[in-house]
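Coordinate inspection notes
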Amino acid sequence: MMTEEMIKQMPHMMSQAGHMMSKPMATGAMMAGAGFAAGKGLLSRAVLHNPLALLAVGAAGGIAAGFLLFKYQKEIVDGLSKATGMGKEFALHQKENLNDLMAETQEKFEGNPPPASASPRA
């Protein structure tokens, strides 16, 4: 049952949800949550207890995934190549930072040699 306070807050909550839906990650999360909630009762009884139904749902899901991969093949390849390039650039940047850090450390050791031990060991 909705209280008056909930009804007053509804427009504010809806505007926040609309703002969240503009972000792709939030949209995907909301869609996944809604799909899980909707399919939980329907699929758990019919599909999990019947192997033939499970096979049919798996095949339908595979066909749908294959179709989407085929349809958006160029976008997927472009996105993956961009991500790979960003990963290579990040690795090179980190390698450069590590080399700079090692050079600074080497300069400190050359400028200030470590103190010799006061008591020689036998």
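Residues numbered from 1 in each chain as written. Predicted model: local features only at pLDDT ≥ 70, side-chain atom pairs only at ≥ 80, totals over all residues. Heavy atoms only, no water.

All right, on to the packing of helix α3 (residues 51–71) against helix α4 (residues 73–111) then. Running from N to C, α3 and α4 point in directions that differ by 75 degrees, and their axes come no closer than 4 Å. Viewed along their axes, α3 and α4 adopt a mutual orientation that is roughly perpendicular. For the pair α3 and α4, the contacting residues are Leu69, Phe70 and Lys71 in the first and Gln73, Glu75 and Ile76 in the second. Taken together, the residues that form the contact of α3 with α4 break down as 3 nonpolar, 1 polar and 2 charged. (Axes fitted to C-alpha atoms, helices over the stretch in contact; angles between N-to-C directions. Helix = DSSP H or I, 4+ residues; strand = E, 2+ residues; numbered from the N terminus. Parallel < 35°, antiparallel > 145°, perpendicular 65-115°, else oblique. Contact = heavy atoms within 4.5 Å. Nonpolar A, V, L, I, M, F, W, Y, C, P; charged D, E, K, R; others polar.)

On to the confidence of the model for the protein, then. The share of residues in the protein with pLDDT of 70 or more is 54%, and the mean pLDDT across the chain is 76. At the low end of the mean pLDDT range in the protein sits helix α1 (residues 4–20), at 62; at the high end sits α4, at 90. (pLDDT = per-residue confidence, 0-100.)

Quick look at the environment of Thr84 now. Following the sequence through the fold, Thr84 ends up in helix α4. With relative accessibility at 44%, the residue Thr84 sits in the partly exposed group. A polar contact is formed between the side chain of Thr84 and the backbone oxygen of Leu80, at a distance of 2.8 Å. (Buried < 20%, exposed > 50% of the residue type's maximum accessible area, 1.4 Å probe, protein only. Polar contact = N/O pair within 3.5 Å; in protein donor to acceptor, adjacent residues only side chain to side chain.)

To continue, consider a nonpolar patch on the surface. A cluster of nonpolar side chains, contributed by Phe67, Leu68, Leu69, Tyr72, Ile76 and Leu80, occupies part of the molecular surface with about 590 Å² of accessible area. Those elements that place two or more of their residues in the nonpolar patch are α3 and α4. As for its position among the elements, Ile76 is in helix α4. (Patch = residues over 30% accessible without salt bridge, like charges linked within 9 Å, V, L, I, M, F, W, Y side chains within 5 Å. Areas by Shrake-Rupley, 256 points an atom, 1.4 Å probe, with all protein chains shown as cover. Salt bridge = Lys/Arg side-chain N within 4 Å of Asp/Glu carboxyl O.)

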